[in-house]
Amino acid sequence: MTASVGFGFMAACTLVSAIFVVRSKNLIRAALWLGATLLLTAALYAMLDASFLAGVQVLLYVGGISTLLIFGVMMTRKHEGLVVEAETVNVPRGVFAAGALFGGVAAAIKMTPELDSGVRPPVVTANDLGRGLLIDHVLAFEVVSLLLLVAIIGAVVIARKRDPGAEVPGFVRRPLAAKASSAKPVANEVSP
Amino acid sequence: MTLSHCLLLASALFAVGVYGILTRRQIVAVLLSIELMANAANLVFVSFSRFRPSMSGSGAQGQIFALFSLALTVAEVAVGLAIVILVYRAHGDTRIDLASEMKS
């Protein structure tokens, strides 16, 4: 009984903070509300006996991704100050699509009563997770590490500055014709 | 706390993310909504691994899949933020309709 009351409370808190993420006028506040949502989801994981995943969620999502997203918000704003405007358009369309999706999925869940029957499996420990990752699914594990490497390098390559005026100071690229002719204009170019 | 309660919560979170994607105009806000949806999908994996016995193996497949999906989300956020910074540098703004032309 207390477990279900606790679950209902946590679910309500998670849902409310998720709605704040998509409704908040200030983009930084929206990012902070996302952090709250992810933290509450970590608590739900702990209630679902997935304590290792709860820890990973706090470390990776709340500590990593929220910080990264707040950096993203702060690096791409036009105005000074703490308020980053986030406009909302097409609210009726969004409400209709989200309501239709939720209604459809909820009806499907309600029409499947055998979801709640059956025996509960034993609790998965971190030991099981480690064995599963490094014995049964070791190929997928390595592929994921490769994918992370490629994604991080790709992100650096995409976001790198490509300003031709911001090359190494003091270095002037000589035109090919000047190199073939006399050395005097080249010397003028090198020492501006 | 049963499996259907968890699934209902996860689908509600996913629907909130869909609403955010459809109504926000900043690319970073759309990324936040995508994070919400990925989080909801992870919640489904974890709750199924708690309430339903697995077909084979040690029964940890649901949580292992959730771990993989966490790593994929991290990669997606890194590349997405790089693209946001590129759009900002090219146009001086991060409205999502500007992303149709990213070459500066």
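Residues numbered from 1 in each chain as written. Chains lettered and ligands numbered in written order. Predicted model: local features only at pLDDT ≥ 70, side-chain atom pairs only at ≥ 80, totals over all residues.

When cut into domains, chain A gives domain 1 (1-86) and domain 2 (122-162). For domain 1 of chain A versus domain 2 of chain A, the distance between C-alpha centres works out to 23 Å. (Domains from an automatic or database assignment.)

As a further point, take the packing of helix α2 (residues 27-51) of chain B against helix α3 (residues 61-91) of chain B. Residues and elements named next belong to chain B. Contact geometry of α2 with α3 gives a least axis separation of 9 Å together with a crossing angle of 175°. Taken together, the axes of α2 and α3 lie roughly antiparallel to each other. Seen from α2, the contacting residues are I27, V28, L31, A38, A41, N42, F45, V46, F48 and S49; seen from α3, they are Q61, G62, Q63, F65, A66, S69, L70, T73, V77, G80, V84 and V87. Looking at the contact of α2 with α3, its residues break down into 14 nonpolar, 8 polar and no charged. (Axes fitted to C-alpha atoms, helices over the stretch in contact; angles between N-to-C directions. Helix = DSSP H or I, 4+ residues; strand = E, 2+ residues; numbered from the N terminus. Parallel < 35°, antiparallel > 145°, perpendicular 65-115°, else oblique. Contact = placed C-beta atoms within 7 Å. Nonpolar A, V, L, I, M, F, W, Y, C, P; charged D, E, K, R; others polar.)

In this section: the nonpolar core. Residues A30, L34 and L69 of chain A together with L13, V16, V28 and L32 of chain B are the most contacted members of the largest nonpolar core, which totals 66 residues. Elements represented by at least two residues in this core include exactly α1 (2-23), α2 (27-47) and α3 (51-75) of chain A together with α1 (3-23), α2 and α3 of chain B. (Core = buried A, V, L, I, M, F, W, Y, C linked by C-beta atoms within 7 Å. Buried ≥ 20, exposed ≤ 12 C-beta atoms within 10 Å, placed from the backbone.)

It is the contact of helix α6 (residues 138-159) of chain A with α3 of chain B, at a shortest axis distance of 8 Å, that shows an interaxial angle of 10°. Classified by the angle between their axes, α6 of chain A and α3 of chain B sit roughly parallel to one another. On α3 of chain B, the residues that touch A140, V144, L147, L148, A151, I152, G154, A155, I158 and A159 of chain A of α6 of chain A are F68, A71, V74, A75, A78, V79, A82, I83, I85 and L86 of chain B. For the contact of α6 of chain A with α3 of chain B, the per-class residue count stands at 19 nonpolar, 1 polar and no charged.

This part covers the environment of A75 of chain B. By the secondary structure assignment, A75 of chain B is in helix α3. When residues no more than four places from it in sequence are discounted, the contact partners of A75 of chain B are L147, L148 and A151 of chain A.

This next bit is on the interface of chain B and chain A. Facing 64 residues of chain B, the contacting portion of chain A comprises 75 residues. Broken down by secondary-structure element, the contributors of at least two residues to the side of chain B that touches chain A are α1, α2 and α3 of chain B. Top contributing element to the side of chain B that touches chain A by residue count: α3 of chain B, with 19 residues. For the side of chain B that touches chain A, a count of residues per class yields 40 nonpolar, 18 polar and 6 charged.

The terminal C-alpha atoms of α6 of chain A lie 32 Å apart, and with 22 residues this matches the ideal 32 Å at 1.5 Å per residue to within 8%. With respect to burial, α6 of chain A is a largely exposed element, only 0 of its 22 residues being buried. (Expected span 1.5 Å × (residues − 1).)

Turning to the confidence of the model for chain B, a few remarks are in order. Residue and element names in this part refer to chain B. The predicted model of chain B has a mean per-residue pLDDT of 87, with 92% of residues at 70 or higher. Least confident of the elements in chain B is α3, whose mean pLDDT is 89; most confident is α1, at 93. At the level of chain-chain contacts, confidence expressed as ipTM amounts to 0.90, with global pTM at 0.83. (pLDDT = per-residue confidence, 0-100.)

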